[in-house]
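Coordinate inspection notes
The residues making up each chain are set out below.
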Amino acid sequence: MPSGETRLFGLTKADFLEAGFPLEKWNEMVEKEKAGEKRKVVDDCIHDAEWGDTPFRAAKADFLEAGFPLEKWNEMVEKEKAGEKRKEEERAAAMEARKKRREAGPNPEEDKKKALKKLYFERMQDKQDEIGAIGQMLIVGINRKGGKGGDDDSEDDDDESQDEEDEPKVPYTQEELDTLRFILVTQRRADLLDEMREVVLEDQAHDMIVMLNTRFSYHILDLIDEYASLRIKDPKLKFDRLLAFTYTIYDQDTWVFDHEEPERIVAGVNKLGKAWKKLLSMSNAELGIDGEYTRPGTIALCQKLWKKVKDEDVEDYNGKGPAKWKLG
């Protein structure tokens, strides 16, 4: 089934017509479905506004078409502007407070190593505020079990947070903190990650437990061919979309070990590696990324995906695995 094909009650348009129903009925039902979705977006928009969660997910035209008064729209817009202004003031105040703390130096009463971690995350928060990111995504954590720093996956990977309650028994050293890799997440990257989960997992995208089999590998291989050849003129959008895709197939990795065509796996991974090499040859400004966190974090993600396939001993007919990704 082509990606994004409309379905009603589980039927495609072709199935509907083949069952003997008229085209007019299909079009009528599609319009009702669209109207219902539009109304739901607007209802969610009002709910979010009432609880202070903005920005809106509905366009002004959709809002008015759904029957809501212009006065309500204007009221919600003013609330959004006030909320954004308040958030900006809070961010500026927080940045100034962190700056003053750094200028004053570590508090003598604090453990020096704990202060290192605090300063690390404060610097990252400053960068998030600077570029307007809404959060960060941990790619490589601190691994004290494997003895090889942050290169290996470990149970500690998700433990790096800014909560003082989560401090390890032995504070992290600067050398350990330097092995951390993050990707700063903008609103568009967050939206694309959500979208990519639907593209990759299809009808299981919202399931708590995902059941995947060999068929999934064919789906992923088709997607790799598509996304490694993206024809998007805007390099910033192309980066964000390829990043979301790469992260999702790394996270949903059943295709790596449950497949029937290892040669296609090798060819696909090689193709994806070349796409990343070409994209990352561009400057940070061209890609719309920061060089301190997102670029090294993206390279680390790509290396982890390559290593995951390599470690499964996936080989083509010539006994060769995927070529190592040389991304900088």
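The rules behind the values
Residues numbered from 1 in each chain as written. Predicted model: local features only at pLDDT ≥ 70, side-chain atom pairs only at ≥ 80, totals over all residues. Heavy atoms only, no water. pLDDT = per-residue confidence, 0-100. Contact = heavy atoms within 4.5 Å. Buried < 20%, exposed > 50% of the residue type's maximum accessible area, 1.4 Å probe, protein only. Helix = DSSP H or I, 4+ residues; strand = E, 2+ residues; numbered from the N terminus. Pairing = 2+ DSSP bridges. Core = buried A, V, L, I, M, F, W, Y, C linked by side-chain atoms within 4.5 Å. Patch = residues over 30% accessible without salt bridge, like charges linked within 9 Å, V, L, I, M, F, W, Y side chains within 5 Å. Areas by Shrake-Rupley, 256 points an atom, 1.4 Å probe, with all protein chains shown as cover. Salt bridge = Lys/Arg side-chain N within 4 Å of Asp/Glu carboxyl O. Axes fitted to C-alpha atoms, helices over the stretch in contact; angles between N-to-C directions. Left-handed = near helix turned anticlockwise from the far one by under 90°. Nonpolar A, V, L, I, M, F, W, Y, C, P; charged D, E, K, R; others polar. Phe/Tyr/Trp six-rings, centres within 6.5 Å; stacked < 30°, edge-to-face > 60°.

1. A few points about the confidence of the model for the protein
Here the protein averages 81 in pLDDT, and 78% of its residues register 70 or above. Every residue in residues 147-165 scores below 50 in pLDDT, and together they form 37 contacts with partners more than four places removed in sequence or on other chains.

2. Side note on the pairing of strand β4 (residues 181-185)
Taking burial as the measure, the 5 residues of β4 include 4 buried ones, the bulk of the element. Looking at chain direction, strand β3 (residues 135-140) and β4 are connected through 5 bridges and run antiparallel. If you follow methionine 137 over to β4, its bridge partner there is isoleucine 183.

3. Considerations on unusual backbone geometry
Both trends apply: most residues other than glycine have a negative phi, and most peptide bonds are in trans. Although it is not a glycine, glutamate 202 sits at a positive phi angle of roughly 50°. For glutamate 202, a relative accessible area of 31% gives the class partly exposed.

4. So, the nonpolar core
Counting 50 residues, the largest nonpolar core has Ile249, Trp255, Leu272, Trp276 and Trp325 as its most contacted members. It is helix α11 (residues 262-280) that contributes the most residues to this core, 8 residues altogether. Not counting the four nearest positions on each side in its chain, tryptophan 276 is found in contact with Phe239, Leu242, Leu243, Thr246, Thr298, Cys302, Trp325 and Leu327. Formed by 11 residues, the second largest nonpolar core is a distinct cluster that contains Tyr120, Tyr172, Phe182 and Leu184.

5. With respect to a nonpolar patch on the surface
Side chains of Met208, Ile209 and Met211 sit close together on the surface and give an oily, nonpolar patch of about 450 Å² of accessible area. Take methionine 208: its relative accessible area is 84%, and that puts it in the exposed class.

6. Focus on the packing of helix α9 (residues 235-251) against α11
Packing of α9 against α11 leaves a shortest axis separation of 11 Å and a crossing angle of 145°. The handedness of the crossing between α9 and α11 comes out as left-handed. Along the contact surface, α9 presents Pro235, Lys238, Phe239, Leu242, Leu243, Phe245, Thr246 and Ile249, while α11 presents Leu272, Ala275, Trp276, Leu279 and Leu280. Tallied by class, the residues present in the contact of α9 with α11 amount to 11 nonpolar, 1 polar and 1 charged.

7. Examining the packing of aromatic side chains
Throughout the structure, instances matching the rule amount to 6 aromatic pairs. Look at tyrosine 120 and phenylalanine 121: their rings are 5.3 Å apart centre to centre, the planes differ by 80°, and that puts the pair in the edge-to-face class. The same class applies to tyrosine 120 and to phenylalanine 121, which are both buried. An angle of 10° between the planes, with centres 4.6 Å apart, marks the rings of tyrosine 227 and phenylalanine 245 as stacked. Of this pair, tyrosine 227 sits in helix α8 (residues 214-227) while phenylalanine 245 sits in helix α9, placing them 18 residues apart in sequence. Using a relative accessible area of 0% as the deciding quantity, one classes phenylalanine 245 as buried. Pairwise contacts between aromatic rings join Tyr120, Phe121, Phe182 and Tyr293 into one cluster.

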